[in-house]
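Listed below are the residues making up each chain.
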Amino acid sequence: MVRIQREFLWGGVKGGNKIKWVKWSVVCKAKRMGGLGVRDIKIVNLSLLAKWRWRLLLPGNPLWKQVLVAKYGNHILNRVIWSDIRIPSLASKWWKDVCSLDKVVESKNWLGESIVRKVGNGFSTYFWSSNWIGEAPLLEVFPRLYSLSIHKDSMVRDFYVQEGGGWRWSFSWRRNLFQWEEDLVTRLREMVEPVPLSLEEDYWVWSPDPEGKFSVKSAYNFLGDELRVGEDLEEEVALVFDNIWGSPAPSKVIAFSWQLLYDRIPSRRNLEARGLLCLDMPWECVGCVGSVESTTHLFLHCPSAMKVWQEVFRWLGVVIVIPPSMLVLFELVRGSARNKKTRLGFLMIWHASIWCIWKARNNALFANGTFSPNDIVEEIDELEMVHC
Ligand SMILES: [Zn+2]
């Protein structure tokens with residue numbers, strides 16, 4: 001399924017040369033995150049499974065719930081976190097997937113965080129083990145007090161007692177407490193005291209949704225964000241993208257460099273890959289004979305481009321071997337500068353070089369200009385003069 005989606009998006013032809021403009025996981029990112037908002041079927045599936053977990057918690061006892069309870073136990077109706085419950089080896093594939101949902105996000109129990117208990121009258125919420133106040137169940141926040149409590153399985157309401165004309169929280173412990181344990185009780189009281197119990201029934205809230213109601217869409221968005229953590233740009237690459245903006249070059253020039261490093265410029269190789277190259281347009285590089293105009297070729301490996309860079313690096317006083325990619329070339333330029341001031345100058349020259357190569361290419365292609373290294377170098381030199 002994912003393969004079909006991918007091929008559709010990139011317009012791939014069977015056995016053809018498919019060029020992915022952007023990584024699939026980036027494409028699946030929401031638009032606000034720089035992606036295209038394409039559905040990730042794997043995450044859709046997880047969201048649909050989460051819906052079953054949510055429906056189990058809702059009130060009502062339809063037949064399908066009765067069947068599941070008979071098979072797997074009563075806990076499935078009132079517990080959010082199942083990670084400590086053994087998955088029966090004879091269970092169906094579907095049920096095993098439902099049970100394993102807790103573990104799909106490595107760093108935390110995302111279900112426990114997403115499904116929160118809202119306390120009304122407190123009659124059906126476990127005081128210690130439900131996640132009803134703060135970030136986690138109280139037994140995790142106050143393990144010491146939990147171990148000392150004589151009412152480990154009691155409901156919230158059991159700790160809320162009428163006394164005189166009002167209500168107060170009351171706890172009983174297995175023994176007299178030490179002072180530091182009394183301090184813990186004080187903290188516990190500070191947490192629970194602002195929560196007024198009411199006449200309403202306790203209920204579940206789905207926290208990724210502002211209305212508190214479960215929807216596959218909100219589960220999808222929440223899971224998508226969680227699962228794509230760490231799928232951002234690699235550190236070194238991110239550093240490059242971070243550094244290109246720190247230059248006095250005009251922003252349209254920098255934006256072009258940015259596009260280039262992402263390989264999203266309309267080189268003919270890229271256009272062809274998108275099916276945008278007209279048939280009457282030559283496919284060859286303007287600077288040499290017989291080479292396909294890919295971004296790396298045009299800006300780096302074309303003999304004309306190499307001459308340009310050799311000349312540029314001669315100015316900078318640096319000896320280099322032409323590297324395999326533009327990202328590495330950028331790092332070479334940036335890394336060659338000895339201090340902040342020269343670095344700014346070097347970055348400026350980088351942007352100017354990229355800009356002038358692209359301009360010369362367009363002139364050669366559309367305005368009968370030439371793609372001559374000497375002319376390009378001269379142009380870079382002039383651009384430098386203007387800005388320095
Ligand atoms: Zn060439």
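Going by what an unreviewed UniProt entry lists, the chain is known as Reverse transcriptase zinc-binding domain-containing protein and is assigned to Trifolium subterraneum.

Once that is clear, we can look at the overall build of the chain. The number of helices and strands found in the chain is 18 helices and four strands. Looking at the chain residue by residue over its 388 residues, the buried ones come to 24%. Within the chain, counting contacts between residues at least 6 apart in sequence, those at least 24 apart form 57% of the total.

Let us look at the packing of helix H12 (residues 251–261) against helix H17 (residues 340–366). Across the interface, H12 lies against H17 with an axial gap of 9 Å and an inter-helix angle of 80 degrees. Classed by the angle they form, the pair H12 and H17 counts as roughly perpendicular. Counted together, Val253, Ile254, Phe256, Ser257 and Leu260 of H12 and His351, Ile354, Trp355 and Trp358 of H17 form the full contact between these two elements.

Mapped onto the fold, leucine 139 is located in helix H7 (residues 138–141). Between the C-alpha atoms of leucine 139 and serine 129, which are 10 residues apart in sequence, the distance is 6.0 Å. Every residue in contact with leucine 139, bar those within four places of it in the chain, is listed here: Trp128, Ser129 and Tyr146.

Buried within H12 we find Ile254, Ser257, Leu260 and Leu261. Considered in projection along H12, the buried side chains sweep an arc of 115 degrees and stay on one side of the axis. Relative to its buried face, H12 has exposed residues pointing more than 90 degrees away, namely Ser251 and Lys252.

Here the UniProt feature "transmembrane region" (unreviewed entry) sits at residues 312–333. Within the segment residues 312–333, helix and strand shares are 59% and 0% respectively, and the terminal C-alpha atoms sit 10 Å apart.

Next up on the list: the packing of helix H16 (residues 326–336) against H17. For any two helices packed against each other, one specifies the inter-axial angle together with the distance between the axes. At a minimum axis separation of 8 Å, H16 and H17 run at an interaxial angle of 150 degrees. When the axes of H16 and H17 are compared, the pair comes out roughly antiparallel. The element H16 and its partner H17 pack so that their crossing is right-handed. Across the interface between the two elements, Phe330, Val333, Arg334 and Ser336 of H16 pack against Arg343, Phe346, Leu347 and Trp350 of H17. Classifying every residue of the contact of H16 with H17 by side-chain character gives five nonpolar, one polar and two charged.

Pairing between strand S2 (residues 160–163) and strand S3 (residues 166–169): four bridges, direction antiparallel. Bridge assignment links glutamine 162 to a residue of S3, and that residue is tryptophan 167. Taken together, S2 and the strand that follows it, S3, pair antiparallel across an intervening segment of two residues, in which glycine 164 is found at a positive phi of about 60 degrees.

Turning our attention to the environment of arginine 86. Residue placement: arginine 86 occurs in the loop between helix H4 (63–72) and helix H5 (93–100). Arginine 86 sits 13 residues away from cysteine 99 along the chain, and the two C-alpha atoms are 8.9 Å apart.

Turning our eyes to something else, we now look at the nonpolar core. Judged by nonpolar contacts, the single largest core of 36 residues is most densely connected at Phe299, Ala305, Cys356 and Ile357. For this core, the secondary structure elements donating two or more residues are H12, helix H14 (295–301), helix H15 (303–316), H16, H17 and helix H18 (373–387). No other element matches H17, which puts 11 residues into this core. Setting aside residues up to four positions removed in sequence, phenylalanine 299 forms contacts with Leu260, Ala305, Met326, Ile354 and Ile357. One finds Val80, Trp82, Trp206 and Ala219 within the second-largest nonpolar core, a separate group that totals 18 residues.

Attention now moves to H17. Because an α-helix completes one turn every 3.6 residues, residues spaced three or four positions apart along the sequence face the same direction. Taking 1.5 Å as the rise per residue, H17 with 27 residues should run 39 Å; its terminal C-alpha atoms sit 39 Å apart, in good agreement. Directly beyond the C-terminal end of H17, a positive phi value near 55 degrees is found at asparagine 368.

Below, the discussion takes up unusual backbone geometry. A positive phi angle, near 55 degrees, is found at asparagine 368, a position not held by glycine. Inspection of the secondary structure puts asparagine 368 in the loop between H17 and H18.

This part covers the confidence of the model for the chain. Averaged over all residues, the pLDDT of the chain is 83; the fraction at 70 or higher stands at 85%. Confidence drops under pLDDT 50 across residues 10–21; counting only partners more than four residues distant or on other chains, this segment forms nine contacts. Confidence over residues 31–35 falls short of pLDDT 50; this stretch has nine contacts with residues more than four positions distant or in other chains.

Parameters and conventions
Residues numbered from 1 in each chain as written. Predicted model: local features only at pLDDT ≥ 70, side-chain atom pairs only at ≥ 80, totals over all residues. Helix = DSSP H or I, 4+ residues; strand = E, 2+ residues; numbered from the N terminus. Buried ≥ 20, exposed ≤ 12 C-beta atoms within 10 Å, placed from the backbone. Contact = placed C-beta atoms within 7 Å. Axes fitted to C-alpha atoms, helices over the stretch in contact; angles between N-to-C directions. Parallel < 35°, antiparallel > 145°, perpendicular 65-115°, else oblique. Arc of directions from axis to C-beta. UniProt positions renumbered as here; feature names shortened; annotations may be inferred. Left-handed = near helix turned anticlockwise from the far one by under 90°. Nonpolar A, V, L, I, M, F, W, Y, C, P; charged D, E, K, R; others polar. Pairing = 2+ DSSP bridges. Core = buried A, V, L, I, M, F, W, Y, C linked by C-beta atoms within 7 Å. Expected span 1.5 Å × (residues − 1). pLDDT = per-residue confidence, 0-100.

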